Amino acid sequence: MADGVYTFFKDGLRLDGRRKDELRPLKIEAGVLKRADGSCYLEHGGNKVMAAVYGPREVHPRHLHNVTQAIVRYKYNMASFSVDERKRPGPDRRSIEISKVSREAMESVVLKERFPRTAIDVFVEVLQSDAGTRAAGINAASVAMADAGIPMKGLVTSCAFGKIDGEVVLDLCKEEDNYGEADVPVAMIPRTGDITMIQMDGHLTFDEFKEGMKLAIRGCDQIYELQREALIEKHQNDLKAKE
Ligand code: UDP
């Protein structure tokens, strides 16, 4: 940063060496927790998140149950130690908002009518954060739901695009998120092409928005492949363990 102005590009590349259309490195592992029905550990750049799924199971408190379909609950939590400046533990406005939009992004894929009077509970714990934690949480939750064997129309996949130094780029890191001009997290169902979440922080022209959506869709397609690979690997390991 010079004179309060952040320069986001050096020799045409971003500060972490990425191109404008490049994702940060991802690592996805399914089925990492013994006591959850489904789980996933995911790293995306500097983000480290764990997702655990329980259900379909009995609803508590009971009055929340729906006689025609399962209810989906989603709890996003950012650990105090996951950020530079210690976060006060417990829910806050931000985590309540992220839990709500993430649940809405996920529940349309779940075949809820098959499990009336039950709950599907999703817990996402952010252990280390570097911008894009809601997307990382959704990607992990989606794998954890599939690992739990919950019937779904497809996996939900998420990544963000944004604008830095007037340029539209894929997958903002923390500096780009904090000092950039726009941040747009997107979630979609790559199998059907349906978009299940778009949020926008900052300003973009319509053309910039369209350019960014193209980047996000390509980014989601790449993440989707890694989600599938993680589930296939878990399945193969389960089969080997039974032999
Ligand atoms: N952040 C932080 N403290 C907070 C909330 C957020 O340091 O209390 C950081 C964290 O690295 C997070 C980033 O700011 O990943 C961007 O947060 P945002 O609310 O945009 O959500 P995210 O991009 O993680 O989905």
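So, here's what we can say about the structure. (Residues numbered from 1 in each chain as written. Predicted model: local features only at pLDDT ≥ 70, side-chain atom pairs only at ≥ 80, totals over all residues. Heavy atoms only, no water.)

Observations regarding the overall build of the protein
Alright, step 1. Secondary structure assignment for the protein yields 4 helices and 12 strands.
Alright, step 2. If one aligns the C-alpha atoms of the protein with their principal axes, the spans along those axes are about 60 × 40 × 35 Å.
Alright, step 3. When each of the 243 residues of the protein is scored for burial, the buried share is 49%.
Alright, step 4. Once local pairs closer than 6 in sequence are excluded, the contacts in the protein between residues at least 24 apart make up 67%.
Alright, step 5. Element-wise, carbon and sulfur atoms account for 50% of the exposed surface of the protein, whose accessible area totals about 12,700 Å².
Alright, step 6. In the protein, 36 side chains carry a positive charge and 39 a negative one; their mean positions are 7 Å apart. (Helix = DSSP H or I, 4+ residues; strand = E, 2+ residues; numbered from the N terminus. Buried < 20%, exposed > 50% of the residue type's maximum accessible area, 1.4 Å probe, protein only. Contact = heavy atoms within 4.5 Å. Areas by Shrake-Rupley, 256 points an atom, 1.4 Å probe, with all protein chains shown as cover. Lys, Arg positive; Asp, Glu negative; His and termini not counted. Charge placed at Lys NZ, Arg CZ, Asp CG, Glu CD.)

What to know about the pattern of salt bridges
Alright, step 1. All chains considered together, the criterion is met by 23 salt bridges.
Alright, step 2. In this structure, Asp 21 and Arg 19 form a salt bridge, with 3.1 Å as the shortest nitrogen-oxygen distance.
Alright, step 3. Judged by its relative accessible area of 30%, Asp 21 falls in the partly exposed class.
Alright, step 4. Residue Arg 19 is classed as partly exposed on the basis of its relative accessible area, which comes to 46%.
Alright, step 5. Between Asp 171 and Arg 24 there is a salt bridge whose closest N-O contact spans 2.9 Å. One end of the pair, Asp 171, is in the loop between strand E9 (167-170) and helix H3 (174-179); the other, Arg 24, is in the loop between strand E2 (13-14) and strand E3 (26-30), and 147 residues separate them in sequence.
Alright, step 6. Residue class for Asp 171 comes out buried when judged on its relative accessible area of 3%.
Alright, step 7. With a relative accessible area of 4%, Arg 24 lands in the buried category.
Alright, step 8. Through salt bridges with shared partners, a single ionic network connects Arg 14, Asp 16, Arg 18, Arg 24, Asp 130, Asp 171 and Glu 176. (Salt bridge = Lys/Arg side-chain N within 4 Å of Asp/Glu carboxyl O.)

What about the side chain of Asn 47?
Alright, step 1. For Asn 47, the position within the fold is in strand E5 (residues 47-58).
Alright, step 2. Asn 47 sits in the buried class, given a relative accessible area of 0%.
Alright, step 3. One polar contact links the side chain of Asn 47 to the main-chain carbonyl oxygen of Ala 131, over a distance of 2.7 Å.
Alright, step 4. The residues touching Asn 47, leaving out its near neighbours within four places in the chain, are Arg 24, Leu 42, Gln 128, Ser 129, Asp 130, Ala 131, Gly 132, Thr 133 and Ala 136. (Polar contact = N/O pair within 3.5 Å; in protein donor to acceptor, adjacent residues only side chain to side chain.)

Description of the site of the ligand
Alright, step 1. Near the ligand you find Met 78, Val 83, Arg 94, Ser 129, Asp 130, Ala 131, Gly 132, Thr 133, Arg 134, Lys 174, Asp 177 and Asp 183, and these make up its full shell.
Alright, step 2. Taking Ser 129, its side chain carries an N or O atom lying 3.0 Å from an oxygen atom of the ligand.
Alright, step 3. If the ligand stood free it would expose 500 Å²; the protein chains cover 77% of that surface.
Alright, step 4. Spatially, the ligand is embedded in the largest pocket.
Alright, step 5. Mapped by element, the contributors of at least two residues to the shell around the ligand are helix H2 (133-147) and H3.
Alright, step 6. The residue inventory of the shell around the ligand, partitioned by class, reads 3 nonpolar, 3 polar and 6 charged. (Near = heavy atom within 4 Å. 1 Å grid on protein atoms, 1.4 Å probe; cavity = no way out; pocket = protein on both sides within 12 Å on 5 of 7 lines; lining within 4 Å. Sits in = over half its atoms within 2 Å of the grid points. Nonpolar A, V, L, I, M, F, W, Y, C, P; charged D, E, K, R; others polar.)

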